[in-house]
Amino acid sequence: MTWINGWNDIMSTSHAAHPDRLLPVDPGTRSIARRLLAHVEDLPVISPHGHLDPAMFVHDEPFADPTTLLITPDHYVTRVLHSAGVDLADLGVGGSDADKQAAWRIFVHHWPMFAGTASGYWLEQEFEHVFDINPDRLATDDADELYAELSEVIARPDFRPRALAEAFGLEVLATTDDPLDDLAHHRTLAEDPEFSPRVLPTFRPDAYTKMYNVGFAENVEKLIDTAGDGQTGYGGYLQALRNRRRYFIDHGATSADHGTHNADAHPLDDAEAQRILDKGRAGTATRAEALAFEANMTYRFAEMSRDDHLVMTLHPGVHRNHSASAFKRFGADTGHDIPFSLDYTTGLQPLLSDFGENPDFHFVLFTMDETVFSRELAPLAGYYPSVYLGAPWWFIDEIDAMNRYRSATTGAAGFSRYSGFIDDTRAYCSIPARHNTSRRVDAAYLARLVGEHRLSEDRAAEIIVDLIDSSPRRVFKL
Amino acid sequence: MTWINGWNDIMSTSHAAHPDRLLPVDPGTRSIARRLLAHVEDLPVISPHGHLDPAMFVHDEPFADPTTLLITPDHYVTRVLHSAGVDLADLGVGGSDADKQAAWRIFVHHWPMFAGTASGYWLEQEFEHVFDINPDRLATDDADELYAELSEVIARPDFRPRALAEAFGLEVLATTDDPLDDLAHHRTLAEDPEFSPRVLPTFRPDAYTKMYNVGFAENVEKLIDTAGDGQTGYGGYLQALRNRRRYFIDHGATSADHGTHNADAHPLDDAEAQRILDKGRAGTATRAEALAFEANMTYRFAEMSRDDHLVMTLHPGVHRNHSASAFKRFGADTGHDIPFSLDYTTGLQPLLSDFGENPDFHFVLFTMDETVFSRELAPLAGYYPSVYLGAPWWFIDEIDAMNRYRSATTGAAGFSRYSGFIDDTRAYCSIPARHNTSRRVDAAYLARLVGEHRLSEDRAAEIIVDLIDSSPRRVFKL
Amino acid sequence: MTWINGWNDIMSTSHAAHPDRLLPVDPGTRSIARRLLAHVEDLPVISPHGHLDPAMFVHDEPFADPTTLLITPDHYVTRVLHSAGVDLADLGVGGSDADKQAAWRIFVHHWPMFAGTASGYWLEQEFEHVFDINPDRLATDDADELYAELSEVIARPDFRPRALAEAFGLEVLATTDDPLDDLAHHRTLAEDPEFSPRVLPTFRPDAYTKMYNVGFAENVEKLIDTAGDGQTGYGGYLQALRNRRRYFIDHGATSADHGTHNADAHPLDDAEAQRILDKGRAGTATRAEALAFEANMTYRFAEMSRDDHLVMTLHPGVHRNHSASAFKRFGADTGHDIPFSLDYTTGLQPLLSDFGENPDFHFVLFTMDETVFSRELAPLAGYYPSVYLGAPWWFIDEIDAMNRYRSATTGAAGFSRYSGFIDDTRAYCSIPARHNTSRRVDAAYLARLVGEHRLSEDRAAEIIVDLIDSSPRRVFKL
């Protein structure tokens, strides 16, 4: 593994190892970018939002096999293969019983499709810098040979989750957790003197607010029973959420994450909220009522954040489980959540009018729709002291999109309203590649501003350290 | 004519002939782009969608005059002149009886307006490479002298349609045809051993699905009478469409093209469809009913494509004939179809849930709204094996927009979900310029990825050949 | 002050003075850009839309102090400070009684936040080229020392408003005025033989068309009483607006400006308009009625422009006074007007169908939503002889966005449909910086087209002069 020694001291024949990868092609600007990158390339990794399982670090067992590590759980990867006609069942998605090595062969066979994609770039970086295998071999070598070689690598003690955390320079890692989770793993890790990364829970209550999803009634009943202080109805529901947030805070959480359907945040009065909640629990709420309730809860969560100071992150605008047939076969999070356009300005107005002027309320807005960056999010973040610009993510955390994000937001909001980089990943071994990518893209962007005499190189050097290191600590209250 | 000998061996004083035109300004990247371009610049032209008249090749008569060849039928050109205050009647639009040479003078007088436009670039390339006339003369020479010179050129035998087809390297050309067309010209051409390009019909049923357009009732009546197998009503209507698709397939068609108002594809049950169809034929359907029927038909056409394997292309989101006064005077397709924003994700969900998982169903999505590329189309094409990313077209087939398209789609969908280049043109002589432009833009884009060490040059060379040559053959089942 | 001698002959240690600032980093392209810039850098300033007070030039008094000159009235600056948690009251916003020097200290303390922003760039340019103070001192020097130094500078006779106008090369400056303004200051300035800039009023009737705003009823009553020719109701209302437009024209106005909520322009019949107007005056109109009335007035103003030839400018799509709490404390125009997405194509169709084909009607469309540039505005301006593409403004008049604007519009609409640069400013001393920025961005953009062999350098030189000088004169009928 070469990661631990930094990226720059490696000379391989693979272009994945080129020290100037992702930097601007213009030689003068590239030199500036190189110098800026040097300030941040070896800084620790701070990951304030992601989807890893904390049990991994508690048990610290070897990863099962290359397919289970790199392919099956990563819907960024499986969706690309699926678009080529591969059956998700053959990749082990949704618990299907696929042959691991056959799935690996499918992946290697389709490797050329990954050219130019974000996933392809991350995978190349992982092969080169984590597994010490030249990624060019994916295009030419025998799949089975690579499988065997990778299997050996991940069986080594220095490839256990904890050892990798150290190798990756992981300082903070937030997970995403159900409000009723007991957070025992987080407690174990926090109390373990041998384990230095901070693994923090994140409060994610979506399953308790979306009455149009299956399981809502059961979830809500269990929530109120467990944590409602004996109250029932809407009052008990709100109280239970407040109590569970407090429990999360007591276990180290600094943020609550909300994947809402749209960006509406209109409050309802209590009677109306109670009325709709009753219908939702009975399974008779209309679509409009369900969305009104969800909008009300977005407002209520902001209200709770004002009081308990959990950072609030919001990422609306995705049609979840778009393919009804695939959802039936494989369940959620299998690569067909598709973004759509929506209106943050109008939707968030009630929430921001009431809580937005408060600098202690941290409200990080994410989007899968680039068009809102210059039109809505930068103007909001450039005014409200509570609003922070979430890093471009999901479909737009790839190299060019990250550059467009900077270009679309900096003129109106500057650099100080940035959330810091978010990897949002289920793919553990992609973490260093993702963070390194963001550092390179920021170096490239800043180098252009310096080259165009819009910024001094000294100031750019301060800014890049702030973006990579100080921003996530400040915004996520770490 | 210099086209036939390739583009690169020409040295003229015109910048339109510069071998590096459209390539990146950075010298290192430009060298890479040059090498990539060399792999594809002389490949044959494959044009899977356009608006030429097949009769042209059957009769093979000389073109009438420069105005009729280059100006009157090309609403890309006439709209620019119109924006300067030129009356479309003076350009012969809509069958108006304009003096050809006077129209030509108007065009030459306004030539400076075309600087920086896609049409201007294509025209320059046509002058330079098709007519062997330095385009700089448009700015300085006498319009009448150029008219006379061009008239002589197009009177030559090597400027007849068939000779040009050979000079242009035309291998496949799809036309756009009414479902009741007898396709006699296509049959003649297919059976002509002297004519090598494949000229294929395309099934375009819009006139039979938009009940808000004039002529709908008559069109539907004729359709059912002609091909409904004796059935009446909605059943006969669907059967007639199926029959005519079969007829098209038997005459070489590989695709059906749909210019819908929006991207909705919600199916209706048969009784409701029958009810609305009756109202549409009686001229009493509401706007909402008309759009619901059109959405239903989008779904039904996908169903038919699943069964008969015609590639389905869709391009919603244009307000046709925007200027009511101009539509009254000049009719349709006269330069004032104006795009608007819409939602592909939600609208197409029923269709894709039912047919989208099928790799044999090829569904090519076009847009005039760039914002859906990264937000909706790349995520759809990066998951559904049926969905292909249509090339940027119409208002966004110009140089910078084509580059933005690559940048917006590649990170999520890679290169393998691309439709291949589509010229969509009514301007025959612009075909080589349009295809050459796309080759140069792709070379420029790929060269940057190579320069940024995101792709090896070897892989980029494979990709550019795939984009230009293999993609359109594969996607359009040629 | 170095401005008066041009920008290029200054060599300072500040990067704000670098002669190549904002030009492309590629050395070859930069050379082209330099040569293009030389054609326009010293041309006079033409400002067809802005928000300065004409009284300033009548009284020609010294500016009060640095804070009142540079901070308090400029909501571009105050919103950035507010986003860092500064209370607007401490900056003197909304008439609050803030300590001037303390406000200045707050600004200097937060100066690093302005890196990369449009406001930051303009301020740097002002320090360097207007006040002759190295802007790097903002980061390192004592705030009080700078305050004292600036106070001395602005007390000098050559820093009075009229002297600055000359130094800035101001030839035309349009203000924005209430329809009932007597325009006495404009008359005074026009009649003053010692004052050469043309200071023209602009008719801005928003306060008389938005019945959802406070004061509407009183405003309308006063309007009809003052100028309704004795008529009452809707007839008197329209007649009063016509009369006041005539009054403005007689005082030099060439344009009328409209900041509508959305882009709808559907006319109402007179009875319906009368009915809604009555409700609006009684304070009982619904939101939908208020918007229908506003849409009707957009149509009516186009009708009036057709008759009296005032240029019509339109800028819809902003949620005004987004923060209810801040609006209550500080009033309007305090930095929280936030854009949202809307549809120009559909909304403007009735207006354009009736008036759009008329080349004497000049209709300049602005937007805060970049996405409409390629999708809607360029196609509209590339067809309708009345439609002009407003310069990118407000949140998108920063450097990268101006470049994206050119890239998004030129392919479809060319350069000839451009409004000319609009500074839209309340910050007098930023005028040269803003205009200089647009000249540099245009030079950079055109240089790339030349470098890519899409345009000859000679033609680019003609175009840049047209963009900077001829376009605003032509479009705004100056």
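All of the points below concern the structure found in this document. Along every chain, residues carry numbers that run from 1 in the direction the sequence is written. A letter from A marks each chain and a number from 1 marks each ligand, given out in the order of writing. Under the rules for a predicted model, residues below a pLDDT of 70 receive no local features and side-chain atom pairs below 80 are neither given nor counted, while totals for whole chains, interfaces and linings still include all residues. To get the side-chain values, take all heavy atoms of the structure and skip hydrogens and water.

We now examine the overall build of chain A. For the purposes of this entry, the term helix denotes a DSSP run of H or I that reaches at least four residues, the term strand denotes a run of E that reaches at least two, and both are numbered from the N terminus. Of regular secondary structure, chain A possesses 21 helices and 9 strands. With 478 residues in all, chain A has 66% of them scored as buried. In chain A, the share of contacts with a sequence separation of at least 24, taken over all contacts with a separation of at least 6, comes to 76%. Total accessible area on chain A is roughly 15,400 Å²; 49% of this is exposed by carbon and sulfur atoms. Averaged over its 43 positive side-chain charges, chain A has a centre that lies 4 Å from the centre of its 73 negative ones. Throughout, exposure labels follow a simple rule: accessible area from a 1.4 Å probe, protein chains only, divided by the maximum for the residue type, with under 20% read as buried, over 50% as exposed, and the rest as partly exposed. Should any heavy atoms of two residues lie within 4.5 Å, those residues are counted as being in contact. Surface accessibility in these figures is a Shrake-Rupley result with a 1.4 Å probe; residues are shielded only by whichever protein chains are displayed. None of His or the chain ends enter the tally, which takes Lys and Arg as positive and Asp and Glu as negative. For the purpose of locating charges, the reference atoms are NZ of Lys, CZ of Arg, CG of Asp and CD of Glu.

Of the transformation superimposing chain A on chain B, the axial component is 0.0 Å and the angular component is 120°, with the fit at an RMSD of 0.0 Å. The transformation just described matches what one would write down for a three-fold rotation axis. Closest to the rotation axis within chain A is the C-alpha of Asp26 of chain A, separated from it by 3.6 Å. When the interface residues of chain A are mapped onto chain B, a mere 4% of them again fall at the interface, so the copies present different faces. Residues reaching a pLDDT of at least 70 in both copies supply the C-alpha atoms on which the copies are superposed by least squares.

All names here are of chain C. Whether two strands pair comes down to DSSP finding at least two bridges between them. Taken in spatial order, the 4 strands line up as E4-E5-E8-E9 in an open sheet, and their pairing is parallel. Each end of this open sheet is capped by a strand with a single partner; those strands are strand E4 (255–258) and strand E9 (387–389). The average angle at which neighbouring strand axes cross in this sheet is 25°, direction not considered. Sheet analysis places strand E5 (residues 311–314) next to strand E8 (residues 363–365), joined by 3 bridges and oriented parallel. Pairing of Thr313 across the sheet is with Val364, part of E8. For helices, the fitted line uses only the C-alpha atoms of the stretch in contact; every axis is such a line through C-alpha atoms, and the angle between N-to-C directions lies from 0 to 180 degrees. Contacts from helix H14 (residues 287–308) reach E4 and E5, with the element oriented near 155° to E5.

This part takes up the packing of helix H11 (residues 216–227) of chain C against helix H12 (residues 233–250) of chain C. Residue and element names in this part refer to chain C. Where H11 contacts H12, the two axes come as close as 8 Å, and the packing angle between them is 70°. For the element pair H11 / H12, the angle class is roughly perpendicular. Judged by residue contacts, Val220, Leu223, Ile224 and Ala227 of H11 engage Gly233, Gly236, Tyr237, Gln239, Ala240, Leu241, Asn243 and Arg244 from H12. All amino acids are sorted into three groups, where Ala, Val, Leu, Ile, Met, Phe, Trp, Tyr, Cys and Pro are nonpolar, Asp, Glu, Lys and Arg are charged, and the leftover types, Gly among them, are polar. Of the residues in the contact of H11 with H12, the class split is 7 nonpolar, 4 polar and 1 charged. Orientation labels follow simple angle bins: below 35 degrees gives roughly parallel, above 145 gives roughly antiparallel, 65 to 115 gives roughly perpendicular, and whatever is left gives oblique.

Overlaying chain C on chain A yields an RMSD of 0.0 Å, the required transformation being a rotation through 120° with an accompanying axial translation of 0.0 Å. Little of the interface of chain C is mirrored in chain A, where only 4% of its interface residues again form contacts.

On the chain A side, the residues contacting the 45 residues of chain C number 42 residues. Throughout, the accessible surface (probe 1.4 Å) given up by two parts as they are put together, summed over both, is called the buried area. For the chain C and chain A pair, buried surface summed over both sides reaches about 3,500 Å², with 54% attributable to carbon and sulfur atoms. Any carboxyl oxygen of Asp or Glu that lies within 4 Å of a side-chain nitrogen of Lys or Arg is treated as forming a salt bridge with it. Our count for the chain C to chain A interface comes out at 3 salt bridges. Across the salt bridge formed by Arg454 of chain A and Asp400 of chain C, the nearest N and O atoms sit 2.9 Å from each other. Within 3.5 Å is the distance limit for a polar contact, defined as a pair of N or O atoms, with the added protein rule that one can donate a hydrogen and the other accept it, and that residues adjacent in sequence qualify only through two side-chain atoms. In this structure, the connection of chain C to chain A is made through 26 residue pairs in polar contact (both at pLDDT 80 or more). Secondary-structure elements contributing two or more residues to the side of chain C that touches chain A are helix H1 (27–38), helix H4 (75–83), helix H15 (324–330), strand E7 (338–339) and helix H19 (399–413) of chain C. Examining the composition of the side of chain C that touches chain A, we find that 4 residues originate from one element, H4 of chain C, more than from any other.

This part is about the packing of aromatic side chains. Describing an aromatic ring pair means giving the distance of the ring centres and the angle of the ring planes. Each pair of aromatic rings taken from Phe, Tyr and Trp, with Trp reduced to its six-membered ring, is defined by centres within 6.5 Å and is described as stacked if the planes are under 30 degrees apart, edge-to-face if over 60, and tilted in the remaining cases. What the rule picks out here adds up to 75 aromatic pairs over all chains. With a centroid separation of 5.9 Å and 65° between ring planes, the pair formed by Phe107 of chain B and Trp111 of chain B is classed as edge-to-face. An aromatic cluster is built from Trp104, Phe107, Trp111, Phe114, Phe127, Phe131, Tyr147 and Phe159 of chain A, whose rings are joined through pairwise contacts. The criterion is that NZ of a Lys, or CZ of an Arg, lies within 6 Å of the ring centre and within 35 degrees of the ring normal, and then a charge sits over that ring. The ring of Tyr212 of chain B is capped by Arg287 of chain B, whose NZ or CZ atom sits 4.8 Å from the centre of that ring. In this arrangement the basic side chain of Arg244 of chain C is found over the ring face of Tyr247 of chain C, its NZ or CZ atom lying 4.1 Å from the centre.

Mapped onto the elements, Gln125 of chain C comes out in helix H6 (residues 118–130). Only 3.0 Å separates the side chain of Gln125 of chain C from the side chain of Arg21 of chain C, close enough to count as a polar contact.

The next thing to look at is the interface of chain A and chain B. Chain A puts 45 residues into the contact, and the matching count from chain B is 42 residues. At the surface where chain A touches chain B, the tally comes to 26 residue pairs in polar contact (both at pLDDT 80 or more). At the level of secondary structure, the elements contributing two or more residues to the side of chain A that touches chain B comprise helix H1 (27–38), helix H4 (75–83), helix H15 (324–330), strand E7 (338–339) and helix H19 (399–413) of chain A. The element best represented in the side of chain A that touches chain B is H4 of chain A, accounting for 4 residues.

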